[in-house]
Amino acid sequence: MKFIYADSLDFVDPRYDFLADRSPTDREPQWDDEYPHEILGYAPYSGLLVSHAIVMRGKYTLPQAMRFRLVGAREFLRFTEKKFPGTWVIGDSGAFSYHRDTEPPISVEDMTEFYGEAGFTHGCSVDHVIFEFDESVVGMAGGTEESRRRFEITIENARRFLASTKSLGPGFTPMGVVQGWSPDSMGCAAQKLEAMGYTYLALGGMAPLKSDAIHRCLDAIRGQIKPSTRIHVLGFAKADNIFEFQRHNITSFDTTSPLLRAFKDQKSNYYLPAGDEKLKYFTAIRIPQALENLTLGRLVKSGRITQEELLALEREALDTLRRFDRGQADIEGTLDAVTRYSEVLLMSPHADDASASEKKLFDIRSRYRQTLESKPWKDCRCAICREISIEVIIFRSSNRNKRRGIHNLHVFYNHVKGLEKADTYDEQASLFCS
Amino acid sequence: MTNKLVFSAVRAAQSPQHVVFSFAATAAEVFAMGRIERAGRGDGGTLRGFQRPQIASHILEIRDYLEREDAVLPNSVVLAFTDRVTVTQVKDSIVEVEVDVSDGPPGLIVDGQQRLSALAPLTDKSFQVFVSGIICQNEEELRRQFILINNTRPLPKELIYELLPGIASLPERMSSRSMASALTQRLNFDRNSTLYRQIRLHTNPEGVIASNAIQRVIMASRSHGALRVLAQSPDGDERCFGLVSDFYGAIQEVFKKDWVGLSPKTSRLVHSVGIISMGRVMEVAFHVCGARTFADFREVLKNISGQTHWTQGVWSFGNSDNVRKRAWNELQSVHPDIQLLSDHLDRLVRQTNRDRVLQEPTVDLVRKTATG
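Description of the structure in this document. (Residues numbered from 1 in each chain as written. Chains lettered and ligands numbered in written order. Predicted model: local features only at pLDDT ≥ 70, side-chain atom pairs only at ≥ 80, totals over all residues. Heavy atoms only, no water.)

### A few points about the nonpolar core
By size, the foremost hydrophobic cluster in this structure holds 184 residues, and its most contacted members are Tyr60 and Phe68 of chain A together with Tyr248 and Met278 of chain B. Counting residues per element, this core draws most heavily on helix α11 (residues 272-287) of chain B, at nine residues. Apart from residues no more than four positions distant in its own chain, Phe68 of chain A is found in contact with Val50, Val55, Tyr60, Ala73, Phe76, Phe114, Ala118 and Phe120 of chain A. Val30, Ile62, Val77 and Leu122 of chain B belong to the second-largest nonpolar core, a separate cluster that totals 32 residues. (Core = buried A, V, L, I, M, F, W, Y, C linked by side-chain atoms within 4.5 Å. Buried < 20%, exposed > 50% of the residue type's maximum accessible area, 1.4 Å probe, protein only. Helix = DSSP H or I, 4+ residues; strand = E, 2+ residues; numbered from the N terminus. Contact = heavy atoms within 4.5 Å.)

Here it is, written out as structure tokens:
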């Protein structure tokens, strides 16, 4: 099973100075930065997925989008076939970005052109997301008029896409996207795509669904297509439970969750392997930047606290944590320093509101205690944890948060590899395994 | 802790109601005398203070500068007092200023808080700044001074950009603009330039083409395109100038009737939307068709010349099922329009120049730092 990472310019500055908290002044964004496959010293995924929406209407600047199309995806991402043999670069249209539009804003021909110019190895047809999901209906029953209209657009686009991508030659593998409002309608879509000539299907719209529902969809689809037809699951949000999905004969899936959870999840920010096909999680310690954090900025504007007081609390929290890492501070003192700053974060900007909720603070303190007692960053041998030690567990600005995310990619990739047979285990990756 | 700080100062004869003087002090001394009162609400919602919060990025820029050996900070910070300060005349305009700091800082910092914040943690604490002091009759007067002092007009961006190239070691965010500005000025004032006297600058108000548009083309190309490639060579500056000049020169020859004597109102080619979008054409011509010279660009552009609508007609953007039609004068210099037109021109150039690859396309752009 191939784990594909959905990229959205997730790089970090290798020269970032953690003590001064800044990049060198001559840093050139993207050029001087490193993607996960650069900073770890190996690719923690079998391929990258890049959506047209993120390049043309998303995170890329105009000059970056321009260069992406001129020099190609691999060159831009520095993920060349030569350096990373056997890897893939999959494209999709980014249907979630235009789910509100009546029609997809990009034509089949534009999409083919984009894949061709940027040299993708695989590309998805132009789909239109169906949000309705009804497990109870059988066959092609059910489905609102809108869902059926989107179903037809997706199928028709896939038909034209297959013809259109013939011009890209045998180096490109077209993937037909499955959309439906029920397991059976997805099965039907899959069967139609296979009949057109697709040998690789991409299952869309799974992100909001619960595990049970995804299982049912995969069962319905597998029931309609040949065992040799490959399946990719787009935007697989249940990535941590990937082992439950092995029985469906999934060829590949993409997800961003190991990276995003490093800074978007309330509790589970740092991954480690737990054995028994499982992962364990730790909470990162929040020390936001006193002068840049928006919540803190609101407190200052309303006059609840001064920036000088914030700076002192921030400094104390950071210094104590670093001393703790060197064995020069005890756990209680460290927790005190950290939670004094957390207390401010929980303050309301209105002076007459009650102060930070005792219970919330208690929860935070106990989660931080678990993190500090375990010192998980000391157990990890990935290039990031070895290099920056405790900084990786500090929840603070992009260079720490994304590094933690990249560490998670390392753990997750090896987790997925570990689920497979020992003889397919990635030799290179295992060198970095704890 | 001392209870009093004493300075020799110069007093200026100004309004008879105010005492105004100036002296030199270290950042630590200034913080002992004056505090930053940021605007906020106290109990019961009453307004107090007046300063805005510190701006981290601004402070960092000042600090980077102040860390240099040759740093100077000639403009003074302004401290206002209402009490606990005595001014004694020594001789003519020379006075002695005595500030009572036994009960905390009596003054307020009304101008220069970002400079002082930048200075505060620097190890060389002996660096002095000029302090201008003013004694106000009451808090209200003090607030008025704050507003008057801070209500200045920033310089026009156009002029700042034009001044940038003459100044070394600026904050990094300005230095890419500085490079673009230098090249833009040369394109405008070098007689060998095809854009000679055509770019509107603060010092060339009769120019037609917006300098910001040309600068955007240059900055994009310098960060991710052809100029980045050329800049690596020893005569990089010369080649960068040559490329942009040749490219816009070729445009003027191929699209003569859409350029000569026209303004952004009468032709979208000299409008920012056209200038910026054609920047993309320069990149495609350079990278995909291998164009390097005036003649190369002219050949590439000739192939699209019948298919543009700079001064009349209607553009059809997109292909087949998703055609969007836009009248020539509906295009504005906004992100979506620039992208629409750039994508369209990009496609036109690739389609009409399929068979002509003049040189091996250059894709090998160099990364500056190798890290291991």
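Picking up where we left off.
### A few points about a nonpolar patch on the surface
Residues and elements named next belong to chain B. Where nonpolar side chains cluster on the molecular surface, the patch consists of Val10, Val90 and Ile94 and spans about 250 Å² of accessible area. Position of Val10 among the secondary structure elements: in strand β1 (residues 4-12). Classification of Val10 by relative accessible area gives partly exposed; the value is 45%. (Patch = residues over 30% accessible without salt bridge, like charges linked within 9 Å, V, L, I, M, F, W, Y side chains within 5 Å. Areas by Shrake-Rupley, 256 points an atom, 1.4 Å probe, with all protein chains shown as cover. Salt bridge = Lys/Arg side-chain N within 4 Å of Asp/Glu carboxyl O.)

### A look at the interface of chain B and chain A
With 43 residues of chain B at the interface, the matching set in chain A holds 42 residues. Roughly 3,700 Å² is buried in total at the junction of chain B and chain A, and carbon and sulfur atoms are behind 48% of that figure. At the junction of chain B with chain A, the criterion picks out five salt bridges. With its nearest N and O atoms 3.0 Å apart, the salt bridge here joins Asp110 of chain A to Arg347 of chain B. Put simply, chain B and chain A have nine residue pairs in polar contact (both at pLDDT 80 or more) between them. Among the elements of the structure, β4 (40-41), α2 (56-66), α7 (211-224), α11 and α13 (335-352) of chain B are those that each provide at least two residues to the side of chain B that touches chain A. Sorting elements by how many residues they give to the side of chain B that touches chain A places α13 of chain B first, with eight residues. Taken together, the residues that form the side of chain B that touches chain A break down as 13 nonpolar, 14 polar and 16 charged. (Buried area = accessible area lost by both parts, 1.4 Å probe. Polar contact = N/O pair within 3.5 Å; in protein donor to acceptor, adjacent residues only side chain to side chain. Nonpolar A, V, L, I, M, F, W, Y, C, P; charged D, E, K, R; others polar.)

### What about the environment of Gly274 of chain B?
Residue and element names in this part refer to chain B. Within the element layout of this structure, Gly274 appears in helix α11. Spatially, the C-alpha atom of Gly274 lies 48 Å from that of Ile109, the residues being 165 residues apart in sequence. Those residues in contact with Gly274 that sit more than four places away from it in its chain are Arg268, Leu269, Trp310 and Leu341.

### Observations regarding the sheet that holds strand β8 (residues 94-100) of chain B
All names here are of chain B. What the eight strands build is an open sheet, ordered β3-β9-β6-β10-β2-β1-β8-β7; its pairing is mixed. Here the strands that pair on one side only, and so sit at the sheet edges, are β3 (34-35) and β7 (85-91). Here strand β6 (residues 77-81) pairs with strand β10 (residues 128-135) via five bridges, running parallel. Note that in β10 the partner of Val77 across the bridge is Val131. In the packing of helix α4 (residues 139-150) onto the sheet, the strands contacted are β6, β9 (107-111) and β10, and the crossing angle to β9 comes to about 20 degrees. (Pairing = 2+ DSSP bridges. Axes fitted to C-alpha atoms, helices over the stretch in contact; angles between N-to-C directions.)

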